[in-house]
Amino acid sequence: MSGSLKSLAVSLIKIANDLRWLASGPRCGIGEIHLPDTQPGSSIMPGKMNPVLCESVLQAAAHVIGCDATITYCGQAGNFELNVMMPVMAHNLLESIRLLANVVDAFCDKCVRGIVANEERCRELIELSMAMVTSLAPKIGYDRAAEIAKESARTGRTVREIAREKKVLPEKELERALDPVKMTQPGGSGSD
């Protein structure tokens, strides 16, 4: 049971860290999402909101992993049919359950439910992505698509701007080819 709780803790660490990265910013990070503001600012940067609920998940999860290490050690400390470490094993198991139950409730109620996509930033990142060129390759050839990607990397301009300027496809066909929603559909239908 302790191992299962540790696995849950590890998964929560991954989720909390991903959310912290996705919300990083406001100007020098990924900034694809906004986490709810839950406390007034950072101790070193006035006006910044820290991802305190994500950080509380990380701390609780670290403690649960420590409890599992203690339980693992105690499990091997028994002699024959007697294990004098059972009290600390029970204490750490119950503490892990309590910690995870409480932190998951708080995390869901005060953070996850309030996450909002930063649609403007997401659109900006999509347009700036050189991966946009992949849907052009079947239509204009790999070499021409690679030239556009290299120019985009070199100049900082978008694939769309360069492809439009070079008139690699008629405008309507270019817009269909560079539709990011279609590109993400299963089966690769975005390159049709």
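Residues numbered from 1 in each chain as written. Predicted model: local features only at pLDDT ≥ 70, side-chain atom pairs only at ≥ 80, totals over all residues. Heavy atoms only, no water.

**Student:** What exactly am I supposed to notice about the overall build of the chain here?
**Tutor:** The secondary structure content of the chain amounts to nine helices and two strands. Listed N to C, the secondary structure of the chain is α-β-α-α-β-α-α-α-α-α-α in terms of helices and strands. Relative to its length of 192 residues, the chain is extended, with a C-alpha radius of gyration of 25 Å against a globular reference of 16 Å. Seen through its principal axes, the chain has C-alpha atoms that stretch 80 × 45 × 25 Å. In the chain, buried positions account for 29% of the 192 residues. Taking all contacts inside the chain whose residues are at least 6 apart in sequence as the whole, residues at least 24 apart take part in 57%. When the accessible surface of the chain is summed, it comes to about 12200 Å², and 59% of that surface belongs to carbon and sulfur atoms. If you average the places of the 22 positive and of the 23 negative side-chain charges in the chain, the two averages end up 5 Å apart. (Helix = DSSP H or I, 4+ residues; strand = E, 2+ residues; numbered from the N terminus. Rg over C-alpha atoms; globule rule 2.2 N^0.38 Å. Buried < 20%, exposed > 50% of the residue type's maximum accessible area, 1.4 Å probe, protein only. Contact = heavy atoms within 4.5 Å. Areas by Shrake-Rupley, 256 points an atom, 1.4 Å probe, with all protein chains shown as cover. Lys, Arg positive; Asp, Glu negative; His and termini not counted. Charge placed at Lys NZ, Arg CZ, Asp CG, Glu CD.)

**Student:** I'm lost on the pattern of salt bridges in this one. Help?
**Tutor:** Close approach of charged atoms allows side chains of opposite charge to pair. Under the counting rule described, the total for this entry stands at 13 salt bridges. The shortest N-O distance in the salt bridge between Arg160 and Glu127 comes to 2.7 Å. With Arg160 in helix 7 (residues 159-166) and Glu127 in helix 4 (residues 119-128), the pair connects residues that are 33 residues apart, well separated along the chain. Judged by its relative accessible area of 12%, Arg160 is buried. Overlapping salt bridges, with partners in common, bring together Glu127, Arg160, Arg164, Glu171 and Glu175 in one network. (Salt bridge = Lys/Arg side-chain N within 4 Å of Asp/Glu carboxyl O.)

**Student:** What is the right way to look at the packing of helix 2 (residues 52-75) against helix 3 (residues 86-110) in this model?
**Tutor:** Two measures define how a pair of helices packs: the angle their axes make with one another and the distance between the axes. Where helix 2 meets helix 3, the closest approach of the two axes is 9 Å, and the angle between their N-to-C directions is 165°. In terms of their interaxial angle, helix 2 and helix 3 are classed as roughly antiparallel. Read as a crossing pair, helix 2 and helix 3 show a hand that is left-handed. From helix 2, Leu53, Cys54, Ser56, Val57, Ala60, His63, Val64, Cys67, Thr70, Ile71, Cys74 and Gly75 reach across to helix 3, where they touch Val88, Met89, Asn92, Leu93, Glu95, Ser96, Leu99, Leu100, Val103, Ala106, Phe107 and Lys110. (Axes fitted to C-alpha atoms, helices over the stretch in contact; angles between N-to-C directions. Parallel < 35°, antiparallel > 145°, perpendicular 65-115°, else oblique. Left-handed = near helix turned anticlockwise from the far one by under 90°.)

**Student:** What am I meant to see in the nonpolar core here?
**Tutor:** If you look at soluble globular proteins, the nonpolar side chains tend to sit buried side by side. Cys54, Leu100 and Phe107 are the most contacted members of the largest nonpolar core, which has 19 residues in total. Mapped onto this core, the elements with two or more residues apiece are helix 1 (2-22), helix 2 and helix 3. The biggest single contributor to this core is helix 2, with seven residues. Counting residues in hydrophobic clusters, the runner-up holds 15 residues, among them Leu136, Ala149, Ala177 and Leu178. (Core = buried A, V, L, I, M, F, W, Y, C linked by side-chain atoms within 4.5 Å.)

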